[in-house]
Structures are given as structure tokens and as C-alpha cells.
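What follows is each chain in one-letter form.
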Amino acid sequence: MKILEVNNIRKTFGNVEVLKGIDFSLDKGQVLSIIGSSGSGKTTLLRCLNFLETPDAGEIIVNDEVLFDAAKSHITSESQIRKNRLHFGLVFQSFNLFPQYTALENIMLAPRLLAAENNYNGKSKSEFLTQLESQANEILAQIGLSERKNNYPYQLSGGQCQRVAIARALILKPDILCFDEPTSALDPELTGEVLKVIRGLSEQKTTMIIVTHEMEFARDVASKVIFMSDGEICEQGSPSEIFENPKEERTRRFLLRYSGK
Amino acid sequence: MKKFVSKLVLFAMVLALVCSCAYAETDSEYVKAKGTLVVGITVFQPMDYKNEAGEWLGFDADLAKAFAESLGVKAEFQEIEWNNKILELNGRNIDCVWNGMTLTSEVLASMACSKAYCNNAQVVIVPANVAEKFQSVESVKGLNFAVEHGSAGMEVAQANGFKTTNVQDQATALMEVASGTADAAIIDSLMAAAMVGKGTGYENLTYTVALNSEEYGVGFRKDSDLADKLNAFFDAKYNDGSIQKLAETYKIQAALIKQ
Amino acid sequence: MELIIKQMPVVINALNAGFVQTLKLFSITLLGAFPLGLLIAFGSISKITPISVITRLFIWIIRGTPLMIQLLIVYYFPGLVLHNPIWGGGESGRFTAAAIAFVVNYACYFSEIYRGGILSVPVGQQEAGLVLGMTKRQIFFHVTLLQMIKRIVPPISNEIITLVKDTALARIIALQEIIWAGQAFMKGSHGISGAIWPLFFTAFYYLIFNGIVTLALTKLEDKMNYFR
């Protein structure tokens, strides 16, 4: 079942065309790895999907609902964009946890504010908060951080911070969870714990888009791989197609550089 | 800064001249309508000062109360920054300046003034222990004077070619002498009589030469009809002897001008 | 010395009355300038060009001219030029005019500190809030604000301590704050004239009050140290 369809996304910054017409689609439960050298437009693509950037052209369709159509983008209201964003989750390279909140508070903040706007979905406030907290505790257990839930970000290691950031995105139950180089800011010995959490999510059939430089991991966890180069999708296919039989010269050269390490 | 403020005052004066025709009613109508005569003062013994209970009294203060009463309004005393007196007056924050004000050319040009009611002189203040040396205008020529900025004392000092330091008010000028930062000060004789010498806060100071003679008057807004009303009030109070009595209370009878 | 001891009760009483004016001006300035400064800060970083240009011009004018002149203009302009002396001659009108000048002046200084504080919070914080479906308003109040406050406490403390002493400027429009009250004894007040010591004695009031303010601000800074 198709969950995401991206048609002809284009984005220009100044006179640099960063995305030159991106098309792909994703089925529910699939994990998509996007690889490519820096500056190839991977991050911009993720930012477009999360509505942090507005594409100049193209469409974004989630569950057959057109969330974005550049031809009609001028009629999109602030509150519509907000709703759109909730279809996606985004985990940043630099975590971006809120420093003044504990791990648990970081996870609970957004759903709490959202529920407050909707009168706690008909429940009493305390009832809602109890439920939310047990939900957050469950997720914390899932990522193995129950012990650290009352710690502030500065008291956590990079790997722990990134796991909290994942939990913070998960609690909103996005249709598609995006990762922007989730391990690039981490010391090598800390990447494992984060990748383990992501792997766990893929086993639970969470639909994910992962921009990464961890080739082995991408190959391992992905059901589909896209290689981007120069703002275009150079090649896409199954992991074995891309990693074992790349058709394009550019893909081959890129993979050679990485496996050479 | 001081220079700037005085320029600002000048600017305000010009502005006031330009705008002075803008009010429709006469000044006395205006004062009667609001029911108060706001008297702009600074602390100045024996003309305007507070007693221990914090009430205003003094020769000027008592007369102002009586004048307000004759108009059927209440006198309100408002301490002002002396440099800003014309701003205060033209901005209608106060209704008159009644505070042992010397009728200098600047004052006469910018306010509607009453007749002179009191004689005054600008006198030289020096430490008592050196007073003997400074009994003539010649002998004080080389001294460093502290004078109130914009005061009659400053004008006199300039006319005599004295070296001056301009300070905020006469009380500060006295402090300059007491602290030794100025050799001498020039202040009003009436104030000197009340504030220096035995039994005052400045026991070690005394006054010597009188540099001029001058007169006090009350200032109103330019074109105000209250100046004439006050002149009539002065005449009446002089004729019934109550002004003379008041002058004796504050020991300035010698300086009083016959109306 | 004996004389001073005799004068002390009267002087302290008068200085206290002056100090109440100083304190009132101080508190009202802070109460008004904190929120107004935030509003001005938003104006100066607004994406709507006319708003940001006008706001920055305003900040330039207020910060580029002496507070003393602003006091004179606020108090005298309505009566002199508009022929409508809205403040009146009394103490309360003078106080209102002084408070307005102080609030506006300090709001402009605060706004620049706020602006620096807002800009120093990493963009990632705002983006994290956005992708979690928070509104800009929620992000400001629940994410940015506290981080901004933590960053601006030291520079704001500086301004607050300056403000304690700046209140003395209100004397230019004859607001009878503590220094005015102290000087009154040089000229003659409450039966005391030519007394110089009360003027210098006012320094203790400032010193003690600033000590209290400094302690409170240090405490606030410590409180903000629970996160980094």
C-alpha cells in the first residue's frame, strides 16, 4: 500500500538549483535509505518533506491526500502546514533537544501542547497527562532510557540524546519518520546504540526515510535505496540492486569511495 | 550640558513667543477655572522653605498664599529646577515664579513681571577667617568664584570680569566655598543673611562686599493679566501694613520696597 | 558630629520619602520596560520591512539621545508646543512623565538585549519545535523564552543596576527623588539649612539597594543554571 508519493519536487536557493525534480514513492512499512555525497540535496529533500522548506514545484501526497501542491501553495494556511507536518517526524543530526526540559519532558511537551488546544480530547487534564506519561515511559523503555528520564540533555551522552530525540518524534505517531544523518554528530562508539533503536523500529514496520552515510547500515535496514547526486535521483532500487549491481557510473564511484574506508 | 539646557530654554522662549497667542482665555480666568495658583519655587531661606512639619513658609510663600486667596483660589507650591523656570511657566506646569527672583534683563524679557517688592544685593561669600582681606571689589578680583548658573550673581561676576565656575544653585555655590573648591561665592544678600554665619549650617563662612543692588519681583507668563492684579494686591497690603508686618517676621524689613 | 546626630531623624525621614520616589520609578520602569522591550525586539526582527525599519529607527533615536533630553521633551513638549499641559504641575504629573521617559528608554535598551538573546538561541530549536507540530507562539513561550532569559540575565543585570542610579536624572524635571531630598538640606528644609552630609548620605541608600538587587539577580542566575 502506497503511503507516500513525491512528484517532481524542485527547490532553488538563490540561483543554485538544489533539487532538480525528485520523484519517488514509498509503501507502508518500507524503510528508504537515501545516500549520496554532501551537497547532493538529501537534507533539503527531507526538509521539504517536513515543510521546513517550501518546494518551488511538485507535489507531496500522503495516504492519497495531497498535502502539498506547488501550483496551489499560496492557499496553504499556517494551520494546514502544521497539520501536514504531523504526518512526518524528523530526527536531526544535532538532536536539537530542548535543554531546559528533562528527557521525559522533551518527549511529552509537543503532545501535551497539542492536546491542550483540543481540550485534552474530552478527557480531564490529569487523566490525559497520566496516560501521556505512561506512553512516554513505554517509549523510553523501548529505547532503553528509563533510568535517565529525569536527566537534562546536558547530562546525557550524544547517543542517549539522539535516542531521546527519536522518542520525542515517535510519541506523535507520524506516518513517516525521517532521519537526517542521525549518527553523523556522534562519536563512533556511540553510533551503535542509535542504529540499534532504528533497526528495532524497522522490525516493527515503522515507515522511515533515513539519510545516512552508514552504508552498511543502509544496506542492512533498508527495503529501498535512493542514490542522489547533484539534486537528482541518480539511481533507485532494492539494496542489493544498488550496492551489488549499481547501473550508474556515478553510483559505482560513490560506493567505491565509501567501501574504500 | 548646562549650555545645552540654556539653549533649550532659549528655544522654548522663542517657541513660546510664537505660540503665545494660542490660548483664548486670560490667565486669571484660566487660574480661577482650575482653582489653584501653582507657585514655582526652589528652597530659598527666608523666602520659601519648609518648616519641621514639612509645610511651606517664608516671606514669599506667605504672600503667595494671601494673593491666591484674594483671587479665590488655593496656592500650590511646586519645587522646580531653577534652570527650567521659563519652560515650566510657558508649559503651564506652574502659574508664576515667586521665589526671590531678581529682575534681570533676561527675566524681564521672558516673563510678565510684577513691580519690585524687595531690595537685594549680590554679595561675596568667603571663609570667615580670611574675610578681612576681602572687603573691597578690588581685593576679590583674583578669586575663583562659584556662582549659580543663570543667576544675577553670574551676571554681576561677568560684568566685573571675575573668573567663575557655574554651579546648579546658590546652595551648591556655598558648598563649593565650604569645601574649598572655590575661593568665594556670589549669592543674594537676603539668602546670605539667613544661611551663613553664626547659628547657621555654614558657621565658617561670612559675606563681605556687595557688588550691586537689585530688586526682586514675581514672574508670570508673558501677557498675563495676573501681574497687574498682583501689583494692586501689593499696593493694598502695603497700605494696610500687613506686608511690613510679614517682613518683620522674616527679618527682611530693611530690604522692603515702598509700594 | 553632635549636630548630625540631632539632625539624623529628620533627615532620614525626608530621605526615605525621596527614596520611595526613586523606588517607585525604578519598579515601574522595570515593569513597563520588560514587556515593552520584548514588543520592540519583535518589531526590530520582524520580517515585515516597514515595521523593522521604523522600529530600528526608533531604537536609534532613543538610544542615540540622552535620557535627560527625553525627560525634558516628554514633560515640557505637551504644554509648550501642543498647548495642552497634560501632566500638570504637581508631583504626580512629573512622576508620570518621568516614568514614561524611563520605560521607553529602557525598553529600547532591553529590546536590543532581547534581540541578541533571541538570535543566539540556535535555529535548530525552532525547527525541532516546528516538526513536532508546535505553533510559533508555543515555540516562543515553551522553548525559546527560557533559553533567551538564561542568556540575557547577565547583560540585563547590568542595565538594572544602571537604572537604580539613572533614576537620579529625573531631577531635571523636578521629580523629588532621593538626591533632591538630600540637596534640600543644603538650601534649607525642615528647619535644617546648609547641611551637606545628607547629600552624601544618599549614597548608602543606593549602595544597599544595589546590594539587594545584585543578590537577587545572582540568585536568578543560579536558578537558571539547572540546564545548559
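Residues numbered from 1 in each chain as written. Chains lettered and ligands numbered in written order. Predicted model: local features only at pLDDT ≥ 70, side-chain atom pairs only at ≥ 80, totals over all residues.

## Digging into the overall build of chain C
Per the secondary structure count, chain C includes 8 helices and 0 strands. In chain C, the succession of α and β elements from N to C terminus is α-α-α-α-α-α-α-α. Here chain C holds 228 residues, and 40% of them are scored as buried. The contacts in chain C between residues at least 6 apart in sequence include a share of 73% that link residues at least 24 apart. (Helix = DSSP H or I, 4+ residues; strand = E, 2+ residues; numbered from the N terminus. Buried ≥ 20, exposed ≤ 12 C-beta atoms within 10 Å, placed from the backbone. Contact = placed C-beta atoms within 7 Å.)

## Some points on the sheet that holds strand β8 (residues 208-211) of chain A
Residues and elements named next belong to chain A. Overall, mixed pairing links the 6 strands, which are arranged β6-β7-β8-β3-β9-β10 in an open sheet. Edge positions in the open sheet fall to β6 (88-91) and β10 (232-237), since each of these has one partner strand only. Neighbour-to-neighbour, the strand axes of this sheet turn through a mean angle of 20 degrees, independent of strand direction. Relative to β10, strand β9 (residues 224-229) runs antiparallel, the two being bridged by 5 bridges. Among the inter-strand pairings, isoleucine 226 is bridged to a residue of β10, identified as glutamine 236. (Pairing = 2+ DSSP bridges. Axes fitted to C-alpha atoms, helices over the stretch in contact; angles between N-to-C directions.)

## Considering the pairing of strand β3 (residues 31-35) of chain A
All names here are of chain A. A large share of β3 lies buried, amounting to 5 of its 5 residues. Burial along β3 is two-sided: Val31, Ser33 and Ile35 and Leu32 and Ile34, pointing in opposite directions, are all buried. Sheet topology places β3 next to β8; 4 bridges connect them, and they run parallel. Across the sheet, isoleucine 34 pairs through a bridge with valine 211, a residue of β8. As defined by bridge partners, β3 adjoins β9 across 4 bridges and the pair is classed as parallel. Residue pairing in the sheet places isoleucine 34 in a bridge with isoleucine 226 of β9.

## So, the sheet that holds strand β12 (residues 205-210) of chain B
Residues and elements named next belong to chain B. Ordered by their spatial adjacency, 5 strands build an open sheet running β10-β9-β11-β8-β12, and the pairing between neighbours is mixed. For this open sheet the edge positions go to β10 (163-167) and β12, each flanked by a neighbour on one side alone. Taken pair by pair, the neighbouring strands of this sheet meet at an average axis angle of 35 degrees, ignoring direction. Pairing geometry for strand β8 (residues 122-127) and strand β11 (residues 184-188), over 4 bridges, is antiparallel. Bridge pairing links valine 123 to isoleucine 187 in β11. Its contacts with the sheet put helix α7 (residues 170-178) on β8, β9 (144-148), β10, β11 and β12, and the angle it makes with β11 is roughly 155 degrees.

## Quick notes on the interface of chain B and chain C
Listed per partner, the contact involves 37 residues of chain B and 28 residues of chain C. Mapped onto the side of chain B that touches chain C, the elements with two or more residues apiece are α1 (2-19), β2 (49-50), β4 (74-79), α4 (85-90) and α7 of chain B. Looking at the side of chain B that touches chain C residue by residue, the classes come out as 20 nonpolar, 11 polar and 6 charged. (Nonpolar A, V, L, I, M, F, W, Y, C, P; charged D, E, K, R; others polar.)

## A word on the interface of chain A and chain C
On the chain C side, the residues contacting the 21 residues of chain A number 17 residues. Only α2 (78-85), β6 and α3 (103-117) of chain A provide two or more residues apiece to the side of chain A that touches chain C. Among the elements that take part in the side of chain A that touches chain C, α3 of chain A stands out by supplying 4 residues, more than any other. Per-class residue counts for the side of chain A that touches chain C are 13 nonpolar, 5 polar and 3 charged.

## Re the arrangement of the chains
Looking across the 2 pairs of chains in contact, one finds the most contacts between chains B and C. Separated in space, chain A and chain B share no contact, their closest pair of C-alpha atoms being 48 Å apart.

## Structural notes on the confidence of the model for chain C
All names here are of chain C. Here chain C shows a mean pLDDT of 92. Residues at 70 or above account for 100%. Averaged pLDDT values for the elements of chain C fall to 85 in helix α7 (residues 178-187) and rise to 96 in helix α2 (residues 49-64). Interface confidence for the predicted complex, given as ipTM, is 0.92, next to a pTM of 0.79. (pLDDT = per-residue confidence, 0-100.)

## Observations concerning the environment of valine 97 of chain B
All names here are of chain B. With respect to the helices and strands, valine 97 occurs in strand β5 (residues 96-102). Valine 97 gets classed as buried once you count the C-beta atoms within 10 Å, which come to 25. With residues near it in sequence (within four places) discarded, valine 97 still touches Gly40, Lys85, Leu89 and Gly219.

## Notes on the packing of helix α5 (residues 158-170) of chain A against helix α6 (residues 188-203) of chain A
All names here are of chain A. Packing of α5 against α6 leaves a shortest axis separation of 8 Å and a crossing angle of 20 degrees. Between α5 and α6, the crossing angle belongs to the class labelled roughly parallel. In terms of crossing hand, the pair formed by α5 and α6 is right-handed. From α5, Gly158, Gly159, Gln162, Arg163 and Ile166 reach across to α6, where they touch Leu190, Glu193, Val194 and Val197. Its residues assigned to classes, the contact of α5 with α6 shows 4 nonpolar, 3 polar and 2 charged. (Parallel < 35°, antiparallel > 145°, perpendicular 65-115°, else oblique. Left-handed = near helix turned anticlockwise from the far one by under 90°.)

## Considerations on unusual backbone geometry
Of note, the amide linkage connecting glutamine 45 of chain B to proline 46 of chain B takes the cis form, showing an omega dihedral of 5 degrees. For proline 46 of chain B, the position within the fold is in the loop between β1 (36-41) and β2. Even without being a glycine, asparagine 121 of chain A presents a positive backbone phi close to 50 degrees. Within the secondary structure layout, asparagine 121 of chain A lies in the loop between α3 and α4 (125-142). The backbone of alanine 174 of chain C sits at a positive phi, close to 65 degrees, despite the residue not being glycine. Here alanine 174 of chain C is to be found in the loop between α6 (136-166) and α7. You can call alanine 174 of chain C buried: it has 23 C-beta atoms within 10 Å.

## Thoughts on the packing of helix α5 (residues 123-131) of chain C against α6 of chain C
The relative placement of two packed helices comes down to the angle between their axes together with the axis-to-axis distance. Residue and element names in this part refer to chain C. As a packed pair, α5 and α6 sit with axes 10 Å apart at the nearest point and diverge in direction by 160 degrees. Taken together, the axis directions place α5 and α6 in an arrangement best described as roughly antiparallel. Helix-helix and strand crossings are classified by hand; for α5 and α6 the assignment is right-handed. On the side of α5, the interface is formed by Gln125, Gln126 and Gly129, while α6 contributes Ile139, Val143, Thr144 and Gln147. Taken together, the residues of the contact of α5 with α6 sort by class into 2 nonpolar, 5 polar and no charged.

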